[in-house]
Amino acid sequence: MADRRDFNREEIPEDDPMGEENLPEDEEEGEDLFGNDMMDDYRADPALDQYDPEFLDDEPHEPMSIQTRMAAERAMEDREVRAGRRARSPSPKGDSKTPAFAKRLAATLQASPSSVAESEEATTTQKKRRVNDPFGLSDDLDEEDVPEALYDLMHERLSQGSDIEKRLVEKIRLSFQQFLLKYVAENEEGPKYPDRLRKMAEQHQAHLEVSYDDIRRWSPNLSLWVSDFPHNVLPILNETLMLVAARKFKTYTKLADAGENELRVAIDSFPVQDKIRSLCTQHTNKLVKVAGVVTKRSTVRNQVKRLWVRCAKCNLPAGPFEVAEEKDLRPSACLECASRGPWRVDRQSTIYQNHQTISLQESPSSVDAGKMPRSREVVLTGDLVDTVRPGDELELIGIYRCLHDTATNARTCFPVYRTDIQAVHINRKGDLKLIQISDDQQKNILDLAKSPQIRERFISSMAPSIYGMWHVKTAIALSIMGGQPKQAAGKHRIRGDINTLIVGDPGLAKSQFLKYVEQTFPRAVYTTGKGASGVGLTAAVTRDENGHFCLEGGAMVLADDGICLIDEFDKMNDQDRTSLHEAMEQQSISISKAGIVATLQARCAVVAVANPIEGRYDQQRTFSQNVNLSDPILSRFDLMCVLRDEADPLQDEMLASHVVCSHIRSHPDANPEEKTKKPKTNKTSHLNPISQDMLKKYIVYARQRVFPKMTDVDSEKLASFYSELRAEAFRTGGAPMTARHMDSLIRLAEANARIELRHHVNSRDIDNAIAVMLESFIQSQKHQVAEELRKKFRRYLAQGPLADQFMAILDHLFKETSIKAQLA
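No experiment lies behind these values; they were computed from the predicted model shown.

### A closer look at unusual backbone geometry
Here comes step 1: Despite not being glycine, N315 shows a phi value in the positive range, around 60°.
Here comes step 2: Considering the arrangement of structural elements, one finds N315 in the loop between β4 (301–311) and β5 (317–322).
Here comes step 3: A residue is classified by how much of its surface remains accessible, and N315, at 36% relative accessible area, is partly exposed.
Here comes step 4: Phi is positive for L757, close to 55°, though the residue is something other than glycine.
Here comes step 5: Looking at the element boundaries, L757 is found in the loop between α26 (740–755) and α27 (763–779).
Here comes step 6: Note on L757: relative accessible area 14%, which makes it buried.

Here's what the structure looks like:
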């Protein structure tokens, strides 16, 4: 190390002719120029004191501007350089083609190597370059021609608790620069990150996603330092990214010249993931990866990033001062008046950055039984602010920091430090807009949509572990797809989400349907009516750590753009259910508490499950007599499914066979033959279910890119069906039919079209919507009334799918034959 420092140190050569020690003894006093005959040099000589008139320019000229004068001076300087009479004078502010940041990169490329031999080779290369280019036209070195020995970090060491020396900083910067320019991933031909840099500039982004695995393959030492010393290494990588981007794209040149290092390196694909409750002292000041759900988000504030101050007495500026926990942001004394204060902030020169805090809580599914979920405070800066919202499920990579907490120390009189996570990279889960679908997946999805009976296959793929219940699976499938929201005249919004209510006897897998939707749909929130209050479902006003009132969203706010699943819906209090009226129809939640007047978005579908009043559903009673729910809340459900536990020997045998095969397939030690075992009754099934992975991609594609449009097709049929059904509802006293159900018919038709990935609604979608609505209405009636309604409204089902009609006829005939055989 000493040899390197001596090699880089600029010292006066021993044989310097201008040095004071090398002056000749006889020339110490020098020649006396102020003699008695000094004035003879200035005596008058008429023969010589004359000027040639040809060389005099006495003509009038226009005044020369500053730009013209500077251009003339540059032209004369270039002439002198070409003549070899002088060297090019350095520019104090840098050339326009070579901004200030280029000097740092040039210094990086000429950084001192690890041996004297390499330094001599570099010096020889620089001399050759100066000989070949005497005019200095190639000041910026070629970035691709840097020897590997100059940025190899294999033999470097970085110790804990010490600052990185300048030589190693330059070497890290050069290594990461070459990584961005040269790294080639596996099974690829060209460099990976130049294209990403170009896309970053095209989209005006302020971050570049860099894979941790790529850094590990490029330089294992650098990847280890990123993991163990992110506080020291990541700022170097951010600065290098800014310099490389500014050299290639003019978009970032002004930011680099102003000293604003706004670009950051977002490290993703970190291999080690920890739980939030497992973070401890061994993770302090290291890179960590955690997953959780955002429960609270603060407002965006301005944080000082680089501070400039001025002396209050002489107004002399001082700075910049980098903001850090362990640094003092004030200068020791003023350089002009030697005053030690007071100081005032120069708000014009000070650089700020966006700052926001969120609360990240453990996912409910990852918490062990009997334990409370824990949370951590996460700090978002720069372009990360306002990228997440409460309810988002995150996969976060950040720096686990330990900070001094003055308030806690003053209260406890004990040195206690608080911890938080400074976010480096965020991956949102469950957001349909952010889920990417590859070209191959898109091709498979479009081919699947063209297959015959895609609607029946899609519905049969809902909860395949549950036997039968075709009507419930149809309602779940339509709720997952949803309709198209609309903006009516007068800024009135018509919802497009489909609400479903499932009522039935115990033991019919009602809650299992909700759990299936939670696992299948990208954004779903599960809650129970008994354990959730009204504010728990909508929104609550609480106090933050500073004592100020703030809003916390409930389950429906967290499920925005998703599905809210409510179990035990009948166990809720009437006041809590009343708070859902606005959220289920207008899909907004209005708050006016503690001086806070706000409206929160709750654009989600509601799938609720309820039990009958006396435990079992009585077919001799109406729907309102079996369920303890009011008419206003019932009218907000588009579909209502009634499940009855009826004794049927044939169906019970099929169900038992299905359950046994399901247990055999799900056993952890099952062999390939057992995993493909099917029930005896399903061997001749005409439907081939869709795999669950493909089903999830199919749902995401349909919700992202398919927006069905309703035309005037069969409008008379819809109107006549609605008028007759509404008349029967008032006559029989079943579930209430209101004008909302006319909107429900349109939403159901749009959802049927979306299942088949069509952008228009046809007559078949209208027939399917009418069939589903009619079945929902008939199931809510008494047994005798239901049979009469089936015969009366049979003509509306005449144009339904042929496969459904055929299977329904066969099922009805099979049941009649089996009952006669049992009686005989």
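### Some remarks on the packing of aromatic side chains
Here comes step 1: All told, the structure shown has 9 aromatic pairs when counted by the stated rule.
Here comes step 2: When the centroid spacing of 5.9 Å and the interplanar angle of 65° are considered together, the rings of F179 and W218 count as edge-to-face. Taken as a pair, F179 in helix α5 (residues 166–182) and W218 in helix α7 (residues 212–218) lie far apart in primary sequence, 39 residues in all.
Here comes step 3: By relative accessible area, F179 is classed as buried at 1%.
Here comes step 4: Aromatic side chains F458 and Y698 sit 5.8 Å apart centroid to centroid with 45° between the ring planes, which places their arrangement in the tilted category. A residue pair is termed long-range when its members are at least 10 positions apart, and F458 in helix α13 (residues 454–460) and Y698 in helix α24 (residues 692–705) qualify at 240 residues.
Here comes step 5: Look at Y698 and you get buried, because its relative accessible area is 0%.
Here comes step 6: One aromatic cluster is present, formed by Y151, F176, F179, Y183, Y193 and W218 through successive ring pairs.
Here comes step 7: Above the ring of Y526, the side-chain terminus of K515 is found at 3.9 Å from the ring centroid.

### What about the sheet that holds strand β13 (residues 500–504)?
Here comes step 1: With parallel pairing, the 5 strands of this open sheet are ordered in space as β14-β17-β20-β13-β21. The sheet is open, and its two borders are formed by β14 (524–528) and β21 (639–643), each paired with just one other strand. Put simply, the sheet's adjacent strands are angled 15° from each other on average, direction ignored.
Here comes step 2: Judged from the 4 bridges that link them, β13 and strand β20 (residues 605–610) form a sheet pairing that is parallel. Following the sheet pairing, T500 is matched in β20 by V607.
Here comes step 3: On top of the sheet, helix α14 (residues 470–481) reaches β13, β17 (563–567), β20 and β21; it is set at about 155° to β21, its chief contact.

### Some thoughts on the pattern of salt bridges
Here comes step 1: Enumeration over the complete set of coordinates arrives at 35 salt bridges.
Here comes step 2: For the salt bridge of D386 with R297, the shortest nitrogen-to-oxygen distance reads 3.7 Å. Pair noted here: D386 is in the loop between β8 (375–381) and β9 (393–404) and R297 is in strand β3 (residues 287–297), with a separation of 89 residues, a long-range link.
Here comes step 3: Residue R297 is classed as partly exposed on the basis of its relative accessible area of 36%.
Here comes step 4: R616 is paired through a salt bridge with D505; the nearest N and O atoms lie 3.8 Å apart. Of this pair, R616 sits in the loop between β20 and α20 (623–626) while D505 sits in the loop between β13 and α15 (510–520); the two residues are 111 residues apart in sequence, bridging distant segments of the chain.

### Some words on the packing of helix α25 (residues 715–732) against α27
Here comes step 1: Direction vectors running N to C along α25 and α27 enclose 0°, while the axes themselves pass 12 Å from each other. Comparing their axes, α27 and α25 come out roughly parallel. Where α25 abuts α27, its residues K717, L718, F721, L725, E728, A729 and T732 lie against I766, D767, I770, M773, L774 and F777.
Here comes step 2: Looking at the contact of α25 with α27, its residues break down into 9 nonpolar, 1 polar and 3 charged.

### Notes on the packing of α5 against helix α9 (residues 230–248)
Here comes step 1: Between α5 and α9, the least distance of the axes is 9 Å, while the angle of their chain directions is 50°. Overall, the two elements α5 and α9 adopt an arrangement that is oblique. Crossing geometry of α5 relative to α9 is assigned as right-handed. Taken together, the residues of α9 that come into contact with α5 (itself represented by V169, I172, R173, F176, Q177, L180 and L181) are I236, L237, E239, T240, L241, L243, V244 and K248.
Here comes step 2: For the contact of α5 with α9, the class distribution of residues is 10 nonpolar, 2 polar and 3 charged.

### Points about the nonpolar core
Here comes step 1: Grouped together as the largest cluster of nonpolar side chains are 66 residues, with contacts concentrated most on F458, I476 and Y698.
Here comes step 2: With 8 residues, the single largest contributor to this core is α27.
Here comes step 3: The contacts of Y698, once residues within four sequence positions are left out, are I445, L448, A449, I454, F458, M481, I755, E756 and L757.

### Here we look at the confidence of the model for the chain
Here comes step 1: The share of residues in the chain with pLDDT of 70 or more is 77%, and the mean pLDDT across the chain is 76.
Here comes step 2: For residues 89–103, every residue scores under 50 in pLDDT, and the model assigns this stretch 13 contacts once sequence neighbours within four places are set aside.
Here comes step 3: The low-confidence segment residues 105–142, where pLDDT is below 50, has 35 contacts with residues more than four positions distant or belonging to other chains.

### Focus on the pairing of β17
Here comes step 1: Burial runs high along β17: 5 of the 5 residues are buried.
Here comes step 2: Of the two faces of β17, the one lined by I563, L565 and D567 and the one lined by C564 and I566 are each fully buried.
Here comes step 3: In terms of strand pairing, β14 meets β17 through 5 bridges, oriented parallel. When the sheet's bridge partners are listed, T528 is paired in β17 with D567.

Procedures and definitions
Residues numbered from 1 in each chain as written. Predicted model: local features only at pLDDT ≥ 70, side-chain atom pairs only at ≥ 80, totals over all residues. Heavy atoms only, no water. Helix = DSSP H or I, 4+ residues; strand = E, 2+ residues; numbered from the N terminus. Buried < 20%, exposed > 50% of the residue type's maximum accessible area, 1.4 Å probe, protein only. Phe/Tyr/Trp six-rings, centres within 6.5 Å; stacked < 30°, edge-to-face > 60°. Lys NZ or Arg CZ within 6 Å of the ring centre and 35° of its normal. Pairing = 2+ DSSP bridges. Axes fitted to C-alpha atoms, helices over the stretch in contact; angles between N-to-C directions. Contact = heavy atoms within 4.5 Å. Salt bridge = Lys/Arg side-chain N within 4 Å of Asp/Glu carboxyl O. Parallel < 35°, antiparallel > 145°, perpendicular 65-115°, else oblique. Nonpolar A, V, L, I, M, F, W, Y, C, P; charged D, E, K, R; others polar. Left-handed = near helix turned anticlockwise from the far one by under 90°. Core = buried A, V, L, I, M, F, W, Y, C linked by side-chain atoms within 4.5 Å. pLDDT = per-residue confidence, 0-100.

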